[in-house]
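Report on the structure
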Amino acid sequence: MIELVGVRKSFEGRTVLDGVSLSLDRGETFVIIGMSGTGKTVTLKHIAGLLDPDGGDVFIGGVKMNGAAEDVKERLRMKMGIVFQSGALINWLTVFDNIALPLVERRLLPAADIEAIVDEKLRLLGLSEAKYKMPGELSGGMKKRVCLARVLVRNPEIILYDEPTAGLDPVMSRTINNLIRQMKRDFGVTSMVVTHDMHSAYDIADRIAMLYNGSIIQCDVPERIKDSDNPIVRQFVRGMVEGPIVVE
Amino acid sequence: MKGLADIVTYLGRSILHILGFSGYTILLFFRSMGYLRNIVRRRHEIARQMFNAGARTFGVITVVSLFTGMILTLQTGIALKDYGMEENIGNIVIATLTREMGPFSAAIILIASIGSAMAAELGTMKVSEEIDALQVMSIHPEDYLVMPRVVALTVMMPVATIYVNTLGVIGGAVIAESHLGVSFQTFYLHVLESLWFKATYVGLFKALVFGMAISSISCAHGLRAENGARGVGRATRNSVVASFLVILIIGYYITDMFFREGL
């Protein structure tokens, strides 16, 4: 469903991705872990076609995303949604209007149907009370849930999550994890999740990959990641201060 | 020698950057104009932007326009009085306002208040990933964000110019009466005498082009912002500087184009 082949990306001479290759099957939940600034979000943006790699290729459903014409990228993006770390809500629209935005813009449904769909997602994510609030009135966690609702109304085949549980309380984190599993179970959604939250990663992942110095150093099922022999992976997943990872 | 090479490299990079950014801005303008077919759908956003450009700058435009007319009348009137020609002050005030001062004053106010706000708003959206979110939803920023802003400022610029000209004349009339002893009636007769159609429409045409340029430049800087709050600040400052320079250059060429042969 998603395939990255030798993807390289540098910003102002600094290499962020150095030949990253990975492949996700349809309906798989794939988690990327790694230190801050190791290119996890950059990887997601390559998959969404928001960044083009300096080298290598990105394929979505067998179609090459990088370097594709804008209409091809648009067609591929129709299949996917991103839950942004900050929520990325349009600040002059209410919660309702933010969630309805992709449906309103696509103009395929009448207003009453759009309202029903949005109300359903608001209920699902415990946001009914916030329906007419502005983004500025929401907490970080609520913004993230509104962003997730905005993704869900489009029924995407692929959902990319950027730190979906960061800043959420444990109950809401569990709710989001359940939702990610439910999307996979009920709708066969393919998910790629970038996170630092190892509890969440073990909870939802079919496979976990660790990104370090621009490369994937281990990609395996959660159990093997948990008991990894790789000292870098072991230090990271156990949150140890001592080890090969040096915090500058 | 190395210092010289560094300077040449820096200059070369700067020129390439300016050329690249100019190309991006022009492309952005034409791409946004390609979405004019959605003008009815975007009417609420256009109205919001027009309200920002109009109502939110009303106070400052009023003060600037009145004082522009007053200063112009006082400075020129004192010189004319030495030759006993102060009665002609109305001719000079209206000619100066309609041809240059009106559109320039309006442009400077709108660059400072609206252009900078546009760059800051879109810049903040860029660094907080809202622009990325729109793209992933297959909503084109040129359609959703840029076109309404360009249309709103292109419409509001001539309106602001007419307002500046009108208030400038009123301010001038007050000073002509109080400091130069020129009656309101004489002042207005001379204003009407020199209210040439060509000067008026060229001034409004200038305002229209300024509106397109300021909005496109501001949006381009906003959409290219990066590196958080500092990047947004830089984009805002650069949009103001670039807009000032561009309206000066465009203003000169429009004047040259229309007035080379005289009125």
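Please refer to the structure higher up on the page.
Anyway, here's the lowdown on the structure attached to this text. Just so you know, these numbers come straight off a predicted model, no measurement behind them. (Residues numbered from 1 in each chain as written. Chains lettered and ligands numbered in written order. Predicted model: local features only at pLDDT ≥ 70, side-chain atom pairs only at ≥ 80, totals over all residues. Heavy atoms only, no water.)

Side note on the overall build of chain A
From N to C terminus, chain A includes 9 helices and 10 strands. The C-alpha radius of gyration of chain A comes to 18 Å, within 12% of the 18 Å expected for a compact globule of 248 residues. The dimensions of chain A, computed from C-alpha atoms along their principal axes, are 55 × 40 × 35 Å. Looking at the 248 residues of chain A, the share that counts as buried comes to 53%. For chain A, contacts bridging at least 24 residues in sequence account for 62% of all contacts bridging at least 6. Of the accessible surface of chain A, which amounts to about 11000 Å², a share of 49% is contributed by carbon and sulfur atoms. For chain A, the separation between the mean place of its 31 positive charges and that of its 33 negative charges on side chains is 1 Å. (Helix = DSSP H or I, 4+ residues; strand = E, 2+ residues; numbered from the N terminus. Rg over C-alpha atoms; globule rule 2.2 N^0.38 Å. Buried < 20%, exposed > 50% of the residue type's maximum accessible area, 1.4 Å probe, protein only. Contact = heavy atoms within 4.5 Å. Areas by Shrake-Rupley, 256 points an atom, 1.4 Å probe, with all protein chains shown as cover. Lys, Arg positive; Asp, Glu negative; His and termini not counted. Charge placed at Lys NZ, Arg CZ, Asp CG, Glu CD.)

As for the pattern of salt bridges
Per the stated rule, a full pass over the model turns up 25 salt bridges over all chains. Residues Asp57 of chain A and Lys64 of chain A are paired through a salt bridge, measuring 3.4 Å at the closest nitrogen-oxygen approach. With a relative accessible area of 23%, Asp57 of chain A lands in the partly exposed category. For Asp206 of chain A, the salt bridge goes to Lys184 of chain A, with nearest N and O atoms at 2.6 Å. Here the residue Asp206 of chain A occupies a position in the loop between helix 7 (198–204) and strand 9 (207–212), and Lys184 of chain A occupies one in helix 6 (residues 170–187), the gap between them amounting to 22 residues. Residue classification places Asp206 of chain A among the partly exposed residues on the basis of a relative accessible area of 28%. Owing to a relative accessible area of 27%, Lys184 of chain A belongs among the partly exposed residues under this scheme. Through salt bridges with shared partners, one network takes in Glu105 of chain A together with Arg41, Arg42 and Asp143 of chain B. (Salt bridge = Lys/Arg side-chain N within 4 Å of Asp/Glu carboxyl O.)

Things to note about the layout of surface pockets
Of the voids in this model, the second largest pocket is the one considered here, and its volume is about 590 Å³. Leu101, Val104 and Glu105 of chain A together with Arg41 and His44 of chain B are, among the 22 residues lining the second largest pocket, the residues nearest its centre. Contributing elements (two or more residues each) for the lining of the second largest pocket: helix 3 (95–106) and helix 4 (111–124) of chain A together with helix 2 (43–54) of chain B. Top contributing element to the lining of the second largest pocket by residue count: helix 3 of chain A, with 7 residues. Partitioning the lining of the second largest pocket into residue classes produces 12 nonpolar, 1 polar and 9 charged. (1 Å grid on protein atoms, 1.4 Å probe; cavity = no way out; pocket = protein on both sides within 12 Å on 5 of 7 lines; lining within 4 Å. Points joined across faces, edges and corners; volume = space filled by probe spheres on them. Nonpolar A, V, L, I, M, F, W, Y, C, P; charged D, E, K, R; others polar.)

Describing empty space enclosed by the protein
Scanning all chains against the criterion turns up 2 cavities of 30 Å³ or more. Reported here for the largest cavity is a volume of approximately 50 Å³. Lining the largest cavity are Gly81, Ile82, Phe84, Arg150, Val151 and Arg154 of chain A together with Ala133, Val136 and Met137 of chain B. Partitioning the lining of the largest cavity into residue classes produces 6 nonpolar, 1 polar and 2 charged. Lining the second largest cavity are Val83, Lys144, Arg145, Leu148, Tyr161, Pro164, Leu168 and Ile176 of chain A. Here the lining of the second largest cavity gets 3 residues from one element, more than from any other, and that element is helix 5 (residues 140–152) of chain A. Residue classes in the lining of the second largest cavity are distributed as 6 nonpolar, no polar and 2 charged.

Quick notes on the side chain of Ser173 of chain A
Along the polypeptide, Ser173 of chain A turns up in helix 6. In this structure Ser173 of chain A touches Thr165 and Leu168 of chain A, once residues within four positions along its chain are discounted.

Thoughts on the packing of helix 1 (residues 2–33) of chain B against helix 8 (residues 197–223) of chain B
All names here are of chain B. Viewed as axis vectors pointing N to C, helix 1 and helix 8 meet at an angle of 115°, and their least axial separation amounts to 9 Å. When the axes of helix 1 and helix 8 are compared, the pair comes out roughly perpendicular. Helix 1 and helix 8 meet at a crossing whose hand is right-handed. Taking contact as the criterion, the partners of Phe21, Tyr24, Thr25, Leu28 and Phe29 in helix 1 are, on helix 8, Met212, Ser216, Ile217, Cys219, Ala220, His221 and Leu223. Residue classes in the contact of helix 1 with helix 8 are distributed as 9 nonpolar, 3 polar and no charged. (Axes fitted to C-alpha atoms, helices over the stretch in contact; angles between N-to-C directions. Parallel < 35°, antiparallel > 145°, perpendicular 65-115°, else oblique. Left-handed = near helix turned anticlockwise from the far one by under 90°.)

Details of the interface of chain B and chain A
Facing the 21 residues of chain B at the interface are 27 residues of chain A. Of the roughly 2000 Å² buried between chain B and chain A on both sides combined, carbon and sulfur atoms contribute 56%. The three residues of chain B that bury the most area against chain A are Glu129, Val136 and Met137 of chain B, which together make up 30% of that side's buried surface. At the boundary of chain B with chain A, the tally comes to 4 salt bridges. In this assembly, chain B and chain A are joined by 8 residue pairs in polar contact (both at pLDDT 80 or more). In terms of residues, the side of chain B that touches chain A owes the most to one element, helix 5 (residues 130–136) of chain B, which gives 6 residues. When the residues that make up the side of chain B that touches chain A are grouped by side-chain class, the tally is 8 nonpolar, 4 polar and 9 charged. (Buried area = accessible area lost by both parts, 1.4 Å probe. Polar contact = N/O pair within 3.5 Å; in protein donor to acceptor, adjacent residues only side chain to side chain.)

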